[in-house]
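Each chain, letter by letter, is given below.
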Amino acid sequence: MDKEKVYNEAVGGDEGFAAGDGYPSCDGEPCANVTDESSADADTMAGDRNTPKAASEELPSRDWEAEIAEWQDKYLRLQAEFDNFRKRTLREKMELVQSGSAECVKNFLPLMDDLQRALEAIEKSNDLEALREGVKLIAQKFRETLKKQNVKEIEALGLELDTDHHEAVARFDAGKEKKGKIVDVVQPGYKMGDKVLRFAKVVVGE
């Protein structure tokens, strides 16, 4: 309800009310005994805003020391698990390398047996042609064993010099047609897959 209307009804429509000022007029001056309802309401609202939170609304107390100890325990356990994982992985890697090396050596043992038999034959026989054929068979078997290990000889003779696979150890005057090409292989090179195990040592024409 409008404040002016309430006051007029209370004083019986007194003409001393000063319209627009919000206060009744007492001989031209605002009456001191009239309470401003809006001011009271504003004070009440301001008081509500400044009132601190009730104790029930505060955060519950927590055992911080227990939580810290719990997280420290989790951290130590995780660190121990990672350390065990690292050691286990390293051990498995070493075992894998050793087993791979053992398998490779195992494939070459028959070649050692053949060489031993060839040496015994040299001591007992004078048939050079038979000995020559025996050595050729051993060399062929050796190449096949290397092939099983994915090891191949690097092609060189007659090709252009490729520094990614060849190492020039000498140059030889071989004419214009063979200039820059490999005219002789001093030592063959080998690679396993795309990895060069040993560069081919070659003589390049100039």
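About the thresholds
- Residues numbered from 1 in each chain as written.
- Predicted model: local features only at pLDDT ≥ 70, side-chain atom pairs only at ≥ 80, totals over all residues.
- Heavy atoms only, no water.
- UniProt positions renumbered as here; feature names shortened; annotations may be inferred.
- Pairing = 2+ DSSP bridges.
- Helix = DSSP H or I, 4+ residues; strand = E, 2+ residues; numbered from the N terminus.
- Axes fitted to C-alpha atoms, helices over the stretch in contact; angles between N-to-C directions.
- Expected span 1.5 Å × (residues − 1).
- Bend = angle between axes of the 7 residues up to and from the residue.
- Buried < 20%, exposed > 50% of the residue type's maximum accessible area, 1.4 Å probe, protein only.
- Contact = heavy atoms within 4.5 Å.
- 1 Å grid on protein atoms, 1.4 Å probe; cavity = no way out; pocket = protein on both sides within 12 Å on 5 of 7 lines; lining within 4 Å.
- Points joined across faces, edges and corners; volume = space filled by probe spheres on them.
- Nonpolar A, V, L, I, M, F, W, Y, C, P; charged D, E, K, R; others polar.

Under an unreviewed UniProt entry, the protein chain has the name Protein GrpE and belongs to Alistipes putredinis DSM 17216. According to the UniProt record, the Sequence similarities (unreviewed entry) comment for the protein chain reads "Belongs to the GrpE family." For the protein chain, the Subunit (unreviewed entry) comment in UniProt is given as "Homodimer."

Engineer: I'd like a rundown of the sheet that holds strand 5 (residues 166–172), residues and numbers included.
Structural biologist: The 3 strands lie next to each other as 5-9-6, forming an open sheet whose pairing is mixed. Each edge of the open sheet is held by one strand with a lone partner, namely strand 5 and strand 6 (182–187). Direction aside, neighbouring strands of the sheet carry axes that sit 30 degrees apart on average. As judged from the 6 bridges shared by strand 5 and strand 9 (residues 200–205), these two strands associate in the parallel manner. Along strand 9, the bridge assignment pairs His166 with Ala200.

Engineer: Can you explain helix 3 (residues 64–124)? Please cite residues and give values.
Structural biologist: Its 61 residues give helix 3 an end-to-end C-alpha distance of 90 Å, which sits within 8% of 90 Å, the value for a rise of 1.5 Å per residue. The largest bend along helix 3 measures about 30 degrees and falls at Phe108, with the proline Pro110 one to four residues further on. Residues of helix 3 that are buried: Leu111, Asp114 and Ala118. Those residues of helix 3 that are buried are in contact with helix 4 (128–148).

Engineer: So, the sheet that holds strand 4 (residues 151–153): which residues are in play, and what are the values?
Structural biologist: Sheet architecture is open: 3 strands sit in the order 4-7-8, paired in antiparallel fashion. Looking along the sheet, the strands with just one partner apiece sit at the ends: strand 4 and strand 8 (195–198). Across the sheet, the mean angle from the axis of one strand to that of its neighbour is 35 degrees, orientation sign disregarded. Sheet analysis places strand 7 (residues 190–192) next to strand 8, joined by 3 bridges and oriented antiparallel. Each bridged residue has a counterpart across the sheet, and for Met192 the counterpart in strand 8 is Lys195.

Engineer: Give me the lowdown on the layout of surface pockets, citing residues and values where you can.
Structural biologist: Computed from the structure, the largest pocket encloses a volume of approximately 170 Å³. Residue lining of the largest pocket: Phe142, Arg143, Leu146, Lys147, Val151, Lys152, Glu153 and Tyr190, and that is the complete set. Elements represented by at least two residues in the lining of the largest pocket include exactly helix 4 and strand 4. By residue number, the principal contributor to the lining of the largest pocket is helix 4, which donates 4 residues. Class assignment for the residues of the lining of the largest pocket results in 4 nonpolar, no polar and 4 charged.

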